[in-house]
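# Observations on the three-dimensional arrangement
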Amino acid sequence: MRGRHPRLFSGSIKSVEGRPRDGDVVDVRANTGEWLARGVINQQAQIAVRLLTWDESEDIDDDFWRRRVKQAVERRARDPLLADTSARRLIFGESDGLPGVIVDDYAGYLVAQISTLAASRAKQILVESLAALLSPRCILERSDDERLKHERVAAARGVLFGDPPAGPVDVFENGMRFKVDVQAGQKTGFYLDQRENRARVARYCDGADVLNMFAYTGAFAVCAAARGARSVVNVDSSQEALRMAEVNMALQPAPACAVTYQVADAFEYLRACRAQGMQFDVVILDPPKFAHAPSQIDRAARAYKDLNRVGFGLVRPGGILATFSCSGVIDAALFQKIIFSAALESARDAQVIERLTQASDHPVLLSFPESEYLKGLVCRVL
Ligand code: SAH
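Computed from a prediction, not measured in an experiment: that's the story for all the values here. (Residues numbered from 1 in each chain as written. Predicted model: local features only at pLDDT ≥ 70, side-chain atom pairs only at ≥ 80, totals over all residues. Heavy atoms only, no water.)

### Here we look at the overall build of the protein chain
Put simply, the rule reads: Strands are runs of DSSP state E lasting at least two residues, helices are runs of H or I lasting at least four, and both sets are numbered from the N terminus onward. Our radius of gyration is a C-alpha quantity, and the globule rule it is checked against amounts to 2.2 Å times the number of residues to the power 0.38. Residue burial is assigned from relative accessible area. The probe radius is 1.4 Å, only protein chains are included, and a residue is buried under 20% of its type maximum, exposed over 50%, and partly exposed in between. Should any heavy atoms of two residues lie within 4.5 Å, those residues are counted as being in contact.
Of the regular secondary structure elements, the protein chain holds ten helices and 18 strands. For the protein chain, the C-alpha radius of gyration of 22 Å lies close to 21 Å, the compact-globule estimate for 382 residues. Projecting the C-alpha coordinates of the protein chain onto the three principal axes gives extents of approximately 70 × 45 × 35 Å. Across the 382 residues that make up the protein chain, the buried fraction comes to 52%. Long-range pairs, those at least 24 residues apart, make up 63% of the contacts in the protein chain between residues at least 6 apart in sequence.

Given below as structure tokens:
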């Protein structure tokens, strides 16, 4: 508690005084009676209190939510890494002092994901604050996160403010154009957390044959082509995603790059590449989250290892494997061990030349290390 961790688990509560209803603001005290923090209680959930302030004089009223939203938005406005980008995460949950609130901005079309009871109770004031601060074209809600179930909050989708876009939204990221389907795309429409990594990985792609696994809407491919890739193969299990990848590639100023799209299961596709003796200069592996809970770590570790073992085998000597995990429960040290076993099993030596993490609009709150979830290794494969 004194470490300002924003989650209080039910198991660490000795007693509940009064009869707070779920969604009420409560004070948390030590056994000695000393005031520690204030938050919102939800006794249906394992995380029984979402802590919101460690300042006894700070009330959790409308002004509190307004203030937190404003601070989060101002941080992004001042972030130099977001200068050439119109698609960004404005609010990243606990990291911005707003547990259960995700808000992404796609050039004025905002997409919100609410995943806690505390946040869902504050929805109206959150929407009002965003509308007043940013005058967005619309605010859409896409709260269908798995975590809602644990909080016993119903999934919700719809328009909270303004008018939804008629089709995909035009955005730019690091100066490059993309179309984002904010209504039907995965998550809120785009994987904003990989923004900086796309630019970094692209630097290895000049003249390269690139295999872009888990391509989604082709954002890594677009960056690679812009950096002079000779060819890019995009692989994803989602046909809609790859259709959008084609649209995105066509938006770029004439990339002289041979781009192909393969709807396939990644594991099967990689094995087929191996069987055919295909080789690439750069292989990008950006799979979905394999582990959602600590109980899934072992199984996920095996899946990451399998994927990367085959991935290593497809890289030409001296080439690059850029490999990612967005499973928060697998930390950077474990991920590196998994990648090491994969290299060993494929009998390749490799050097780590860059360590990557989530973009700056997904900041890691030091008091909440769980907010660090994305890690990537750029390996030079010998
Ligand atoms: N690299 C992308 C984000 C990848 S998200 C970007 O920069 O935008 C993970 C992607 O993996 C999703 O597009 C999802 O459709 C795809 N996917 C999930 N399981 C898959 C599988 N078994 N085989 C191939 N693709 C898969």
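Back to the text.
### With respect to the layout of surface pockets
Worth spelling out the cut-off: Buriedness for pockets is judged along seven lines, at least five of which must meet protein on both sides within 12 Å for an open set on the 1 Å grid over protein atoms alone, while cavities are sets there where a 1.4 Å probe fits but cannot get out, and lining residues have an atom within 4 Å of a point. Grid points are joined across faces, edges and corners, and a volume is the space filled by probe spheres set on the points. The classification used treats Ala, Val, Leu, Ile, Met, Phe, Trp, Tyr, Cys and Pro as nonpolar, Asp, Glu, Lys and Arg as charged, and all other residues, Gly among them, as polar.
In this structure, the second largest pocket encloses a volume near 530 Å³. Taken together, 19 residues line the second largest pocket, and the ones lying closest to its centre are Ile13, Ser15, Asp27, Val28 and Arg29. With four residues, strand S2 (residues 25-29) is the largest single contributor of residues to the lining of the second largest pocket. Looking at the lining of the second largest pocket residue by residue, the class counts come to eleven nonpolar, four polar and four charged.

### Focus on the site of the ligand
Rules: Residues are classed as near a molecule or strand on a simple rule: at least one heavy atom within 4 Å of it. Two N or O atoms count as a polar contact when they lie within 3.5 Å, although within protein this holds only if one can serve as hydrogen donor and the other as acceptor, and sequence-adjacent residues are included solely when both atoms are side-chain atoms. Here the Shrake-Rupley method, with its probe set to 1.4 Å, supplies the accessible areas, and only the displayed protein chains count as covering residues.
Every one of the 15 residues lining the ligand counts as a neighbour, but Arg198, Asp236, Asp265, Ala266 and Asp286 are closest to it. Between the ligand and the protein, one listed contact pairs a nitrogen atom with a backbone N or O atom of Phe214 at 3.0 Å. Between the ligand and the protein, one listed contact pairs a nitrogen atom with a side-chain N or O atom of Asp286 at 2.6 Å. Protein chains shield 89% of the accessible area of the ligand, which is 590 Å² for the free molecule. Of the residues assigned to the shell around the ligand, the class counts are eight nonpolar, three polar and four charged.

### What to know about empty space enclosed by the protein
Under the defined criterion, the tally for this structure stands at one cavity of 30 Å³ or more. Taken as a whole, the largest cavity spans an internal volume of roughly 60 Å³. Every residue along the wall of the largest cavity is listed here: Ile91, Val101, Val103, Ala112, Ile114, Lys123, Leu126, Val127, Leu130, Ile139 and Leu160. At the level of elements, strand S6 (101-106), strand S7 (109-114) and helix H3 (123-134) are the ones that each hand at least two residues to the lining of the largest cavity.

### Focus: the nonpolar core
What counts, and what does not: We define a nonpolar core as any set of buried Ala, Val, Leu, Ile, Met, Phe, Trp, Tyr and Cys residues linked to one another through side-chain atoms lying within 4.5 Å. As annotated, the domain borders come from an automatic or database domain assignment.
Tyr106, Val201, Val210, Val282, Ile284 and Phe324 are the most contacted members of the largest nonpolar core, which totals 42 residues. For this core, the element with the most residues is helix H6 (residues 219-226), which contributes seven residues. Both domain 2 (62-162) and domain 3 (191-381) contribute no fewer than three residues apiece to this core. Here Ile284 is in contact with Val201, Val210, Leu211, Asn212, Met213, Phe220, Ala322 and Phe324, once residues within four sequence places are set aside. Core analysis: the second largest hydrophobic core is formed by 34 residues, Cys273, Ala303, Val315 and Cys379 among them.

### Structural notes on the sheet that holds S2
The line we're drawing: What makes two strands pair is DSSP finding at least two bridges between them. Here an angle of 0 to 180 degrees is reported between the N-to-C directions of two axes, which are lines fitted to C-alpha atoms, with helices fitted over the stretch in contact.
The antiparallel open sheet is built from four strands, whose spatial order is S1-S4-S3-S2. Sheet topology places strand S1 (7-9) and S2 at the edges, where each strand pairs with a single neighbour. The average undirected angle you get between the axes of adjacent strands in this sheet is 40°. As judged from the four bridges shared by strand S3 (residues 35-41) and strand S4 (residues 47-53), these two strands associate in the antiparallel manner.

### Description of the packing of helix H8 (residues 266-275) against helix H9 (residues 297-313)
For any two helices packed against each other, one specifies the inter-axial angle together with the distance between the axes. Filter applied, for reference: Comment on the angle field: the value is read as roughly parallel under 35 degrees, roughly antiparallel over 145, roughly perpendicular from 65 to 115, and oblique elsewhere. Note: crossing handedness is left-handed where the near helix turns anticlockwise from the far helix by less than a right angle, and right-handed where it turns clockwise.
One can describe the packing of H8 onto H9 by two numbers: an axis separation of 9 Å at closest approach and a directional angle of 30°. Classified by the interaxial angle, the pair formed by H8 and H9 is roughly parallel. Judged by the twist between their axes, the crossing of H8 over H9 is left-handed. Residues Phe267, Leu270, Arg271 and Arg274 of H8 touch H9, and the partners they reach there are Ala303, Asp306, Leu307 and Val310. Within the contact of H8 with H9, the residues separate by chemical class into five nonpolar, no polar and three charged.

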